[in-house]
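Each chain is listed here by its residues.
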Amino acid sequence: MKALIIGGAGFVGAYLIRELSSAGAEVHATCLPFEKITEKCGVHTLDIMNIEDISALLGEVQPDVVYHLAAQSSVAVSWKKPQLTAQINVVGSINVLEAVRNAEKKDIRVIMIGTGEEYGFIRDGACPLSEDEPLNPGNIYAATKSCQEMISRIYVRAYKMDIVMVRAFNHSGPEQSDIFVISDFCKQIAEIEKGIKEPEMSVGNLSAKRDFTDVRDVVRAYRLLADKGVAGKVYNIGRGRAVDIQFILDTALSFSEKSITVKQDPARMRASDIPLIEPDVSRIFEDTGWRAEISMEKTIRDTLDWWRIRLRNGTSLAE
Ligand code: A2R
């Protein structure tokens, strides 16, 4: 089995390289010219805005499966740079689909990575969200991912392409950027323990309920979908059990070596926070047998340990 991960230098990419390699696949991954992939695999430089380069790479690697992870994946950046976000997430994804459609190798499976954000402003009582629930995206990032998914469906129908689509809900774990809540709380605790921050945690809305899955479970789901997913179907990936942010805070604080107070920061409160977002994950279980296995406690503890080591070594995510 030969796998090509497009967008392999990001948070998920590193975990997916490890997951596929340890399952015995020959793994190739792409990064942008200024990025680095340190995992052991075939590394290729690729910008998905250049379709000729994607075609050349498909010819060179001859993959059985393409995992399309490359994206402008930040909601915040999508508000500031909507055109760029649409260019990468919509036009870039079409480039990938067109390159696969015109590839010499005819049986390439594509795993298209979308997001639980696509559901957006959900109706009351819609949770747990089934894949058949209408999409009502509430930000530019989510809208571009919905568009990517709609176009993928058209490629399945019109060209009989082998595409499996996913809507991944919140995923977390060591090495994640601190713009995400679990990593943010763990980083603050590690900074407090190190004495470089006052013993006060700054938090946002603690009552919102969200569904979190460990990134190591998520990449296992991607691998299983490549193996057993049905072309043309979309799959929710999540734990299927939302928790409130207060639970994450309490769990993270219970692992702290120091006594810490909590302060709500108005800058971290979102006006439009939807109270509960939780997926129905029965479809992926029925088709692949996958369900989340890693506890939230383990995800939080491992993320905190990662920040402790990172701060001890004096490095930051930007380095
Ligand atoms: O934006 P950067 O410099 O971090 O690079 C990202 C890369 N990327 C591209 N790759 C090829 N051609 C492009 N034009 C292009 N623009 C951006 O894709 C980054 O290295 C990678 C995506 O990784 P992350 O942003 O860390 O996303 P993550 O958390 O690994 O999520 C993977 C997928 C994405 O499609 C998300 O939207 C979805 O899962 O949730």
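To start, this report covers the structure provided alongside it. All of these numbers come straight from a predicted model, not from anything done at the bench.

Observations regarding the site of the ligand
At step 1: In the vicinity of the ligand, 19 residues are found, and the nearest of them are Val12, Glu35, Ser73, Tyr141 and Lys145.
At step 2: Glutamate 35 places a polar side-chain atom, nitrogen or oxygen, 2.6 Å from an oxygen atom of the ligand.
At step 3: Tyrosine 141 is positioned with one of its side-chain polar atoms (N or O) 2.6 Å from an oxygen atom of the ligand.
At step 4: Secondary-structure elements contributing two or more residues to the shell around the ligand are helix H1 (11-22) and helix H5 (140-159).

Some thoughts on the sheet that holds strand S4 (residues 65-68)
At step 1: Taken together, seven strands build an open sheet; the order of strands is S3-S2-S1-S4-S5-S6-S11 and the sheet is parallel. Every other strand in the sheet has two partners, leaving strand S3 (42-45) and strand S11 (234-237) as the edge strands with one partner each. Strand-to-strand twist across the sheet, computed as the mean angle between neighbouring axes with direction ignored, equals 20°.
At step 2: Taken together, the four bridges between S4 and strand S5 (residues 109-115) define a ladder with parallel strand orientation. Bridge pairing links valine 66 to valine 110 in S5.
At step 3: Helix H7 (residues 215-228) contacts S4, S5, strand S6 (162-168) and S11 of the sheet and is inclined by roughly 140° relative to S5.

Observations regarding the packing of H1 against H7
A pair of packed helices is characterised by two quantities: the angle between their axes and the separation of those axes.
At step 1: H7 packs onto H1 with a crossing angle of 60° between their chain directions and a minimal axis gap of 9 Å. One way to sum up the angle between H1 and H7 is to call them oblique. Considering the relative orientation of H1 and H7, their crossing is right-handed. Across the interface between the two elements, Phe11, Val12, Tyr15, Leu16, Glu19 and Leu20 of H1 pack against Val215, Arg216, Val219, Arg220, Tyr222 and Arg223 of H7.
At step 2: Considering only residue class, the contact of H1 with H7 consists of eight nonpolar, no polar and four charged.

Description of the side chain of histidine 68
At step 1: Within the element layout of this structure, histidine 68 appears in strand S4.
At step 2: For histidine 68, the side chain forms a polar contact with the side chain of serine 93, separated by 3.0 Å.
At step 3: If we skip the residues at most four places from it in the chain, histidine 68 touches Ile6, Ile48, Ser93, Val96, Ile111, Met112, Ile113 and Gln148.

Quick notes on the environment of lysine 145
At step 1: Residue placement: lysine 145 occurs in helix H5.
At step 2: Along the primary structure lysine 145 and isoleucine 113 are separated by 32 residues, whereas in three dimensions their C-alpha atoms are 8.3 Å apart.
At step 3: Setting aside residues up to four positions removed in sequence, lysine 145 forms contacts with Ala71, Asn89, Ile113, Gly114, Thr115 and Glu118.

Here's the deal with the nonpolar core
At step 1: Grouped together as the largest cluster of nonpolar side chains are 35 residues, with contacts concentrated most on Ile5, Tyr67, Tyr222 and Ile237.
At step 2: No other element matches the eight residues that H7 contributes to this core.
At step 3: Formed by 26 residues, the second largest nonpolar core is a distinct cluster that contains Ile6, Ile54, Leu57 and Met161.

Focus on the pairing of strand S1 (residues 2-6)
At step 1: Burial analysis of S1 places four of its five residues in the buried class, the great majority of the element.
At step 2: Across four bridges, the pairing between S1 and strand S2 (residues 26-31) is parallel. Bridge pairing in S2 places leucine 4 opposite histidine 28.
At step 3: Following the backbone out of S1, through H1 and into the adjacent parallel S2, one traces a crossover that is right-handed.
At step 4: In this structure, S1 lies alongside S4, joined through four bridges in parallel fashion.

The rules behind each value
- Residues numbered from 1 in each chain as written.
- Predicted model: local features only at pLDDT ≥ 70, side-chain atom pairs only at ≥ 80, totals over all residues.
- Heavy atoms only, no water.
- Near = heavy atom within 4 Å.
- Polar contact = N/O pair within 3.5 Å; in protein donor to acceptor, adjacent residues only side chain to side chain.
- Helix = DSSP H or I, 4+ residues; strand = E, 2+ residues; numbered from the N terminus.
- Pairing = 2+ DSSP bridges.
- Axes fitted to C-alpha atoms, helices over the stretch in contact; angles between N-to-C directions.
- Contact = heavy atoms within 4.5 Å.
- Parallel < 35°, antiparallel > 145°, perpendicular 65-115°, else oblique.
- Left-handed = near helix turned anticlockwise from the far one by under 90°.
- Nonpolar A, V, L, I, M, F, W, Y, C, P; charged D, E, K, R; others polar.
- Core = buried A, V, L, I, M, F, W, Y, C linked by side-chain atoms within 4.5 Å.
- Buried < 20%, exposed > 50% of the residue type's maximum accessible area, 1.4 Å probe, protein only.
- Right-handed = clockwise from strand over helix to strand, strands pointing away.

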